[in-house]
Amino acid sequence: MRVFLSVFILLCAVVSNAQDFEYQINASQLIELKKELVEKRKEKELRIKKYLENNPVLKRSKVEGANEMSIVDILDGKPVYYTTHNDGSARS
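Residues numbered from 1 in each chain as written. Predicted model: local features only at pLDDT ≥ 70, side-chain atom pairs only at ≥ 80, totals over all residues. Heavy atoms only, no water.

When you go through the protein chain residue by residue, the secondary structure sums to three helices and three strands. Secondary structure elements in the protein chain, listed N-terminal to C-terminal, are α-α-β-β-β-α. A buried classification covers 10% of the 92 residues belonging to the protein chain. Of all intrachain contacts in the protein chain linking residues separated by at least 6 positions in sequence, the fraction that spans at least 24 positions is 19%. (Helix = DSSP H or I, 4+ residues; strand = E, 2+ residues; numbered from the N terminus. Buried < 20%, exposed > 50% of the residue type's maximum accessible area, 1.4 Å probe, protein only. Contact = heavy atoms within 4.5 Å.)

The following block contains the structure:
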């Protein structure tokens, strides 16, 4: 029993150590990822701004019933909306 317990503890230590190697943080990759995400966000915002300038009747956000809708991107010249479906339920 003692040998089994020793082997089990050793095995747990090895497995937990192996998992640490998988999640090592590379700061330069994180910085590069952040730059890419910021650039993509700027591109989305520019597409939305141009779309709204070309369609002055539309607004970035609108409310239909209990659901709020917001434009989050423009794809193929059409707005992509983010919407809430349970906003009314969440407030009660």
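Where strand β1 (residues 61–64) meets strand β2 (residues 67–75), four bridges bridge the pair, whose relative direction is antiparallel. Bridging from a neighbouring strand, Glu64 pairs with Asn67 of β2. In this antiparallel pair of consecutive strands, β1 and β2, the connection spans two residues, and Gly65 shows a positive phi of 65°. (Pairing = 2+ DSSP bridges.)

Residues shown with low pLDDT carry predicted positions that ought not to be read at fine detail. Mean pLDDT over the protein chain stands at 80; residues scoring 70 or higher make up 66%. Mean pLDDT values over the elements of the protein chain span from 57, in helix α3 (residues 87–91), up to 93, in helix α2 (residues 27–54). (pLDDT = per-residue confidence, 0-100.)

For the rest of this paragraph, the subject is the pattern of salt bridges. Summed over the entire model, instances satisfying the criterion amount to three salt bridges. Through salt bridges with shared partners, one network takes in Arg41, Glu45 and Arg60. (Salt bridge = Lys/Arg side-chain N within 4 Å of Asp/Glu carboxyl O.)

On the surface, a nonpolar cluster with roughly 290 Å² of combined accessible area is contributed by Leu30, Leu33 and Leu37. Positionally, Leu33 belongs in helix α2. (Patch = residues over 30% accessible without salt bridge, like charges linked within 9 Å, V, L, I, M, F, W, Y side chains within 5 Å. Areas by Shrake-Rupley, 256 points an atom, 1.4 Å probe, with all protein chains shown as cover.)

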